[in-house]
Amino acid sequence: MSHVGVPRGTARKRRSVALLATGVLTIPVLAGCTSDSESPTSAAAPQDIAPASRDRVTDGSTLTWAIDSVPATLNAFQADADSATTRITGALLPSLFPMDAKGEPRLNPDYLESAKVIEREPKQVVLYKLDQQAVWSDGREIGAPDFVAQWRALSGKDSAFWTARNAGYERIEKIERGKDDLQVRVTFSKPYADWRSLFSPLYPKEVTGSPGTFNDGARATLKNTAGPFRLRSVNKPRGTVVLDRNPRWWGDEAKLESLVFRAVEPGKRADALTDGTVDVADIDPATANSIAMAARYRGGNGQQPVHGPGAGITPAAALRSWALAHGSDEEAAETAQAAREKTREAVAAYAAEQKSLRGFAVRKSLEPSYTQLALNGESGPLSDDRVRRAIARTLNRQELADVVLKPLGLPAKPPGSHLALAGQPGYKDGSGALGEQDTKEAQALLADAGWTPGGAVRRTEDTKAGSEAEKKDEGKKPAGEKDEKAGDEKTEDTEEDKASREDGAYTVGDDKPGSHASGGSEVAAQDKRPGGPTGAYAPAGTAAPASVKDRLGKGGKPLSLRFVLPSGPGSQSLRTVGEKIVEMLDSIGISTQVTKVADDSYFKDHIASGDYDLALYSWPATAYPATDGRPIFAKPEPATDGSLLVAQNYTRVGSDHIDQLFDRAVAELDANASRDLLKQADARIWAAAGSIPLYQRPQLVAVDKKLANIGAFGFAAPRYEDIGFTGRQAAGSPANRKK
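Since the model is a prediction, treat every value here as computed from it, not as a measurement.

A. The arrangement of the overall build of the protein chain in detail. Within the protein chain, the regular secondary structure consists of 19 helices and 21 strands. Out of the 739 residues in the protein chain, the part that is buried amounts to 49%. Across the protein chain, contacts joining residues at least 24 apart in sequence account for 73% of those joining residues at least 6 apart. Split by element, the accessible area of the protein chain, about 34,400 Å² in all, is 49% carbon and sulfur.

The structure is reproduced here in structure tokens:
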């Protein structure tokens, strides 16, 4: 399931980027500011896939897996590739070093006998030895020509190939055949620590051999594959991609006979599960709660329903209804009988839905990605690192993580790194470079930057004495005299203020409702109050925000930030976190103008374009942070037209030092030394305070209870050949479900 606030197709598509001018941060010494523990950490939450040995999994049957939409392309190296592209190609194409449950790349023995660095001087050389049985679905062996073709397509030297990324491939100097085509010798022009990231997925030379086939030949079909499944069909009108077993697959035979990916919008997943049109679907907390409630549902056979239609009917009400339906008043009896029949139908329909949902389990873990608060440092108050750091130190990250994860029963420890997650070998908590939550320190930083309480109050200019002051008073009504119109307006305002007080509501970040604009965007129904202004309303009993005189300001200008949030139904958790952040900033006198925008424009039109001050979005974890992290945190570079070339650094915050640490890490072939450099880079990223990790995202997957080896995978890549049903007849088979 895609999530708003996650850049499309980012899992392994982070492009190299350019650089910006802010200079070295004036920050405390960073050495020793991270946690002292160097021992490996365990994953915050284990994967939840109902593991089962292959002998317990039934051969045959079809599984239907929900995806957001049929992918625009099956070429993972193109700009419009997305999560569905990754999911589908994972079952079709070679991945030489898939991630394991700890987020580390592991050699895939289905394709490789070995792969290692055999020379470091004068140049790095990697030798791949391919499995002798590895063949494409047309029978041709996988070999050196496929490596050469993919390198040439992705090296960046030929602009005729429309590629989204070339990280690592541009460092290759040459690729040679070894003793035979099953040995591939790759020589690098510059050392490359993340060489294991290359050639995954590996496409056949028929796709990568020419610009024409690369650009268009693999968008809607893959004629030649080399995975446990092969592509049977792509039907965009029906919203399906169908795979079946690859008869030439040399590894463990796929347990499933066919695998269907069906396009189901996230908001319609609950209906698809109830209707039986999917067996597996990423879901939101609301759908997970529906499945949990279905497990507790009891109804029928005279039992009182626990929830849903009929649950609120008391025995006394049921007796009265029966008496009316069988009474002597024919008109009342007819009405009561119709109502009882309507209730029976509703109860029966709801019971059927609950029975369908009881066939599913919610498998949950933490997704390998984190949600951050992004602070746009390109211009305005946030271009000052003191203001960014003050905001970061105002936030209670633990409270924000608890809001999202605790209701789901998931661990809620805020991430301590931008470049690794708990459980990965490179993880170390570097948040000490920024400092813990400390309101007094935050206020001191803001004062040092010139933002002080009362600084938003403009000085009055009416201070001249004598006749000039008297002239300004000419035309004014004497004290006690009121203009009728003005009096009417005052009465209306008083009534509105009274209604607002009775409702216990105010607009967050303001001293009274309606005193600032809504930002011009469409406002959701839940953010409106009858007869009142639109905005983010706090409930009755919430402490009122600071008055204007307590608002932070400088030279009569208030410290006010534009907070952009998505408005769609699938983005509720982001909005909830956003509201908490607004309250935290309000407590120290920082105003926020919350602007809610459509989900489909949130990232493209606001985050990527820099049209925001504060925003919430996520980045996926990676096994290759030296390569994938650089474009996200590198210093943006001024373009010739005066704009910034930011690549994926949408906060526009960076430094030369951070860039240098990334460059050194990616060229360091000693894994421990490379990780140490990345930890230093992470400390600098924390100190720059452009990105504040808040929580690791929840991963909730609804899965047919009879399915094994599938669910919330966490870091690990699925082993598609092991997925299957443990029962004789699959709950998702055509006999039982609508396909």
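Following the structure, the description resumes.
B. Structural context of helix α18 (residues 656-666). Looking at α18, one finds that the buried residues are I658, D659, L661, F662, A665 and V666. Down the axis of α18, the buried side of the element spans an arc of 160°, and every buried residue falls inside it. The inward-facing, buried residues of α18 abut α16 (625-628), α17 (630-633) and α19 (671-688).

C. Structural detail: the nonpolar core. In terms of nonpolar packing, the biggest core is built from 160 residues, with Y128, F199 and L373 touching the most fellow members. It is strand β19 (residues 691-704) that contributes the most residues to this core, 7 residues altogether. Non-local contacts of Y128, meaning those with residues more than four positions away in its chain, are made with L96, L112, S114, A115, F147, L182, Q183, V184, V186, W195 and F199.

D. A look at a negative patch on the surface. Side chains of D329, E330, E331 and E334 sit close together on the surface and give a patch of like negative charge. If you trace the backbone, D329 turns up in the loop between α7 (315-325) and α8 (330-357).

E. Main features of the packing of aromatic side chains. If you walk through the whole model with that rule in mind, you get 20 aromatic pairs. Measuring from centroid to centroid gives 5.6 Å for F603 and Y617, while their planes differ by 90°, and the two rings are edge-to-face. Here Y617 lies in strand β16 (residues 614-620) and F603 lies in helix α15 (residues 599-607), a separation of 14 residues in the sequence. Taken as a pair, F603 and Y617 share a single burial class, namely buried. Considering the side-chain rings of W619 and Y650, the 6.1 Å spacing of their centres and the 10° angle between planes classify their relative orientation as stacked. Of this pair, W619 sits in strand β16 while Y650 sits in the loop between β18 (644-645) and α18, and the two are 31 residues apart along the sequence. An aromatic cluster of three or more residues is present, and its members are F77, F97, Y128, F147, Y169, W195, F199 and Y203.

F. Spatial organisation of the environment of G276. Note on placement: G276 falls in the loop between α5 (269-275) and β9 (280-282). Here G276 falls in the buried class, since its relative accessible area comes to 3%. With 81 residues separating them in the primary sequence, G276 and L357 have C-alpha atoms 9.1 Å apart.

G. Structural context of the sheet that holds strand β13 (residues 557-558). Here 3 strands make up an open sheet; going across it, the order is β11-β12-β13 and the pairing antiparallel. Each end of this open sheet is capped by a strand with a single partner; those strands are β11 (452-453) and β13. Here β11 pairs with strand β12 (residues 552-554) via 2 bridges, running antiparallel. Looking at the pairing, T452 lines up with G553 of β12.

H. Molecular detail of helix α6 (residues 285-296). Between its first and last C-alpha, α6 extends 17 Å over 12 residues, near the 16 Å set by a 1.5 Å rise per residue. Those residues of α6 that fall on the buried side of the exposure criterion are T287, A288, I291 and A294. Summarising the axial view, the buried residues of α6 lie within an arc of 115°, below the 170-degree limit, and thus occupy one face. Across α6 from its buried face, at more than 90 degrees, point the exposed residues A286 and R296.

I. Structural detail: the packing of helix α9 (residues 385-394) against helix α11 (residues 439-448). Close contact between α9 and α11 brings their axes to 8 Å; oriented N to C, the two are set at 165°. By the angle between their axes, α9 is roughly antiparallel relative to α11. The handedness of the crossing between α9 and α11 comes out as left-handed. The residues of α11 that touch α9, namely those facing R386, V387, R389, A390, R393 and T394, are T439, E441, A442, L445, L446 and D448.

J. A look at the pairing of strand β4 (residues 172-177). Pairing between β4 and strand β5 (residues 183-188): 5 bridges, direction antiparallel. Residue pairing in the sheet places R177 in a bridge with V184 of β5. Between the antiparallel neighbours β4 and β5 lie 5 residues.

K. Quick peek at unusual backbone geometry. A cis amide bond links E121 to the next residue, P122, at an omega of 0°. Relative to the helices and strands, P122 resides in the loop between β2 (112-119) and β3 (125-130). With an omega dihedral of -5°, the bond running from S200 to P201 counts as a cis peptide bond. Note on placement: P201 falls in the loop between β5 and α3 (205-208). The backbone phi angle of F199 is positive, close to 60°, even though this residue is not glycine. Locating F199 in the fold gives a position in the loop between β5 and α3. The class of F199 is buried, set by a relative accessible area of 0%. Of note in this structure, A647 is not a glycine but carries a positive phi near 50°. In this structure, A647 sits in the loop between β18 and α18.

L. Local environment of the side chain of D704. With respect to the helices and strands, D704 occurs in strand β19. When its relative accessible area of 0% is taken as the criterion, D704 is described as buried. At 2.8 Å, the side chain of D704 and the backbone nitrogen of K706 are in polar contact.

M. Structural view of the pairing of β3. Of all 6 residues in β3, 5 are buried; the element is thus mostly enclosed. Where β2 lies against β3, 6 bridges are found, and the strand directions are antiparallel. Each residue of the ladder has a partner; that of E119, found in β3, is V125. Two successive antiparallel strands, β2 and β3, enclose a turn made up of 5 residues. Note that β3 and β5 share 5 bridges and pair antiparallel. Bridge pairing links L127 to R185 in β5.

N. Quick peek at the environment of W250. Looking at the secondary structure, you find W250 in the loop between β7 (240-245) and β8 (258-263). Taking the relative accessible area as the measure of exposure, W250 reaches 15% and is therefore buried. Here the alpha-carbon distance between W250 and D131, two residues 119 residues apart in the chain, equals 9.8 Å. Contacts of W250, omitting those with residues within four sequence positions, involve D110, Y111, D131, Q133, A134, V135, I142 and A226. Polar contacts involving the side chain of W250 include one to the main-chain carbonyl oxygen of D110, which spans 2.6 Å.

O. How the structure looks around the sheet that holds β3. If you trace the 4 strands from one edge of the open sheet to the other, you get β2-β3-β5-β4, paired in antiparallel fashion. Of all the strands in the sheet, just β2 and β4 have a single pairing partner and so form its edges. For this sheet the average axis-to-axis angle between neighbouring strands, irrespective of direction, equals 15°. Here helix α2 (residues 144-154) sits on the sheet and contacts β3, β4 and β5; the angle it forms with β4, its principal contact strand, is near 160°.

How each quantity is defined
- Residues numbered from 1 in each chain as written.
- Predicted model: local features only at pLDDT ≥ 70, side-chain atom pairs only at ≥ 80, totals over all residues.
- Heavy atoms only, no water.
- Helix = DSSP H or I, 4+ residues; strand = E, 2+ residues; numbered from the N terminus.
- Buried < 20%, exposed > 50% of the residue type's maximum accessible area, 1.4 Å probe, protein only.
- Contact = heavy atoms within 4.5 Å.
- Areas by Shrake-Rupley, 256 points an atom, 1.4 Å probe, with all protein chains shown as cover.
- Arc of directions from axis to C-beta.
- Core = buried A, V, L, I, M, F, W, Y, C linked by side-chain atoms within 4.5 Å.
- Patch = residues over 30% accessible without salt bridge, like charges linked within 9 Å, V, L, I, M, F, W, Y side chains within 5 Å.
- Salt bridge = Lys/Arg side-chain N within 4 Å of Asp/Glu carboxyl O.
- Lys, Arg positive; Asp, Glu negative; His and termini not counted.
- Charge placed at Lys NZ, Arg CZ, Asp CG, Glu CD.
- Phe/Tyr/Trp six-rings, centres within 6.5 Å; stacked < 30°, edge-to-face > 60°.
- Pairing = 2+ DSSP bridges.
- Expected span 1.5 Å × (residues − 1).
- Axes fitted to C-alpha atoms, helices over the stretch in contact; angles between N-to-C directions.
- Parallel < 35°, antiparallel > 145°, perpendicular 65-115°, else oblique.
- Left-handed = near helix turned anticlockwise from the far one by under 90°.
- Polar contact = N/O pair within 3.5 Å; in protein donor to acceptor, adjacent residues only side chain to side chain.

Note that all results are geometric; they support no functional claim without further evidence.
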